[in-house]
Amino acid sequence: AQSVTQLGSHVSVSEGALVLLRCNYSSSVPPYLFWYVQYPNQGLQLLLKYTSAATLVKGINGFEAEFKKSETSFHLTKPSAHMSDAAEYFCAVTPGGGNEKLTFGTGTRLTIIP
Amino acid sequence: DSGVTQTPKHLITATGQRVTLRCSPRSGDLSVYWYQQSLDQGLQFLIQYYNGEERAKGNILERFSAQQFPDLHSELNLSSLELGDSALYFCASSLSVTNEQFFGPGTRLTVL
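These numbers were taken from a predicted model, which means no experiment stands behind them.

Participant: If you had to explain the sheet that holds strand 1 (residues 3–7) of chain A to someone new, which residues and values would you point to?
Facilitator: All names here are of chain A. Strand order in the open sheet formed by five strands is 1-3-8-7-6, and the pairing between neighbours is antiparallel. Each edge of the open sheet is held by one strand with a lone partner, namely strand 1 and strand 6 (56–58). The sheet shows a mean angle of 20° between the axes of neighbouring strands, taken without regard to direction. Where strand 7 (residues 64–68) meets strand 8 (residues 73–78), five bridges bridge the pair, whose relative direction is antiparallel. Paired with Glu 64 across the bridge in strand 8 is Thr 77.

Participant: Quick rundown of the environment of B:Val19? Include the residues and the values.
Facilitator: Residues and elements named next belong to chain B. With respect to the helices and strands, Val 19 occurs in strand 3 (residues 19–24). Overall, Val 19 belongs to the buried group, its relative accessible area being 8%. Taking the C-alpha atoms as reference points, Val 19 and Asp 1, separated by 18 residues in sequence, lie 25 Å from one another. In contact with Val 19, not counting residues within four places along its chain, are Leu 11, Thr 13, Leu 76, Asn 77, Leu 78, Leu 81 and Leu 109.

Participant: So what's going on with the interface of chain A and chain B? Which residues, and what values?
Facilitator: For interface size, the figure often reported is the accessible area lost on association. Chain A puts 18 residues into the contact, and the matching count from chain B is 17 residues. Buried surface at the junction of chain A and chain B, summed over both partners, amounts to about 1,500 Å²; 52% is from carbon and sulfur atoms. For the pair chain A and chain B, the number of links is zero salt bridges. In this structure, the connection of chain A to chain B is made through three residue pairs in polar contact (both at pLDDT 80 or more). Elements that contribute at least two residues to the side of chain A that touches chain B include exactly strand 4 (32–38), strand 5 (44–50) and strand 9 (87–94) of chain A. It is strand 4 of chain A that provides the largest number of residues to the side of chain A that touches chain B, a total of four residues. Within the side of chain A that touches chain B, the residues separate by chemical class into eight nonpolar, seven polar and three charged.

Participant: Describe unusual backbone geometry, naming the residues involved and giving the relevant values.
Facilitator: Here the residue pair B:Thr7 and B:Pro8 is connected by a cis peptide bond, since its omega of -10° sits within 30 degrees of zero. In this fold, B:Pro8 is placed in the loop between strand 1 (5–7) and strand 2 (10–13). Unlike most non-glycine residues, A:Thr72 shows phi in positive territory, near 45°. Looking at the element boundaries, A:Thr72 is found in the loop between strand 7 and strand 8. By relative accessible area, which is 32% here, A:Thr72 ends up partly exposed. For B:Ser80, which is not glycine, the phi torsion reads 45° and is therefore positive. In this structure, B:Ser80 sits in the loop between strand 8 (74–78) and strand 9 (87–94). Judged by relative accessible area, which is 40%, B:Ser80 ranks as partly exposed.

Cut-offs used in this document
- Each chain carries its own residue numbering, running from 1 in the written order of its sequence.
- Each chain takes a letter, starting from A, and each ligand takes a number, starting from 1, following the order in which they are written.
- Only residues with pLDDT of at least 70 are given local features in this predicted model, and only at 80 or more are side-chain atom pairs given and counted; all residues enter the totals for whole chains, interfaces and linings.
- Hydrogens and water are ignored here; the side-chain numbers use all heavy atoms of the structure.
- Strand pairing is defined by DSSP finding a minimum of two bridges between the two strands.
- Helix and strand definitions here come from DSSP, where helices need a minimum of 4 consecutive H or I residues and strands a minimum of 2 consecutive E residues; each element is numbered from the N-terminal end.
- Convention adopted: a line fitted to C-alpha atoms gives each axis, helices being fitted over their contacting stretch, and angles between N-to-C directions are expressed from 0 to 180 degrees.
- Classification of residues uses two cut-offs on accessible area relative to the type maximum, computed with a 1.4 Å probe and protein chains only: under 20% is buried, over 50% is exposed, and between them is partly exposed.
- Whether two residues are in contact is decided by their heavy atoms: any pair within 4.5 Å suffices.
- Buried area: the sum, over both parts, of the accessible surface (1.4 Å probe) that disappears when the two are put together.
- By definition here, a salt bridge exists when the distance from a side-chain nitrogen of Lys or Arg to a carboxyl oxygen of Asp or Glu is within 4 Å.
- We call two N or O atoms a polar contact when they sit within 3.5 Å, provided that within protein one can donate a hydrogen and the other can accept it, with sequence-adjacent residues counted only if both atoms are side-chain atoms.
- In this classification, the charged set is Asp, Glu, Lys and Arg, the nonpolar set is Ala, Val, Leu, Ile, Met, Phe, Trp, Tyr, Cys and Pro, and all remaining amino acids, among them Gly, are polar.

Right under this line is the structure:
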């Protein structure tokens, strides 16, 4: 079975500061990992995905994530936060290989302080 | 805009009633997924269809059922509704090979 744990249900950073959202996974097979963003009253939008190619994955809006097998982590970062980054972020995992069922973390609400 | 459409956007109904939520996938996508997002359960996978056939089942109640039609749109039927069924219901679609799912805007169901 696969699962993800997001550390910190709420994260606040100042505008221009580094954004770091944490995600640790548990998987019995090499996982596919995803970060999604949800803006208020909207659906989920894919930020980036890891599917066993490069361990450093670049996504949209300046976000990137690094797959670290030794730490079972897939943390999301952005060098400089922007007010428009305020949203809820979800880490998710699938076992891949034709099984596309997404298992989501509990989400991290990111607040940007002006 | 993900290309996935869901109707209706909002639905208010009473306990014991039955509702149908509709999803149209992105053009060309064969897989459709349903998810439920609630405050206490978070985002949970309900069910997946691929080209008209049920492919995977998650935490879907027996009171809930779904199907995917020949034109690939899907419907999620919720019956004998309870207060706890109030949630956002998302549909997603994908080309299953890429495992990348695109989400619709959701249907917000309120059961009174």
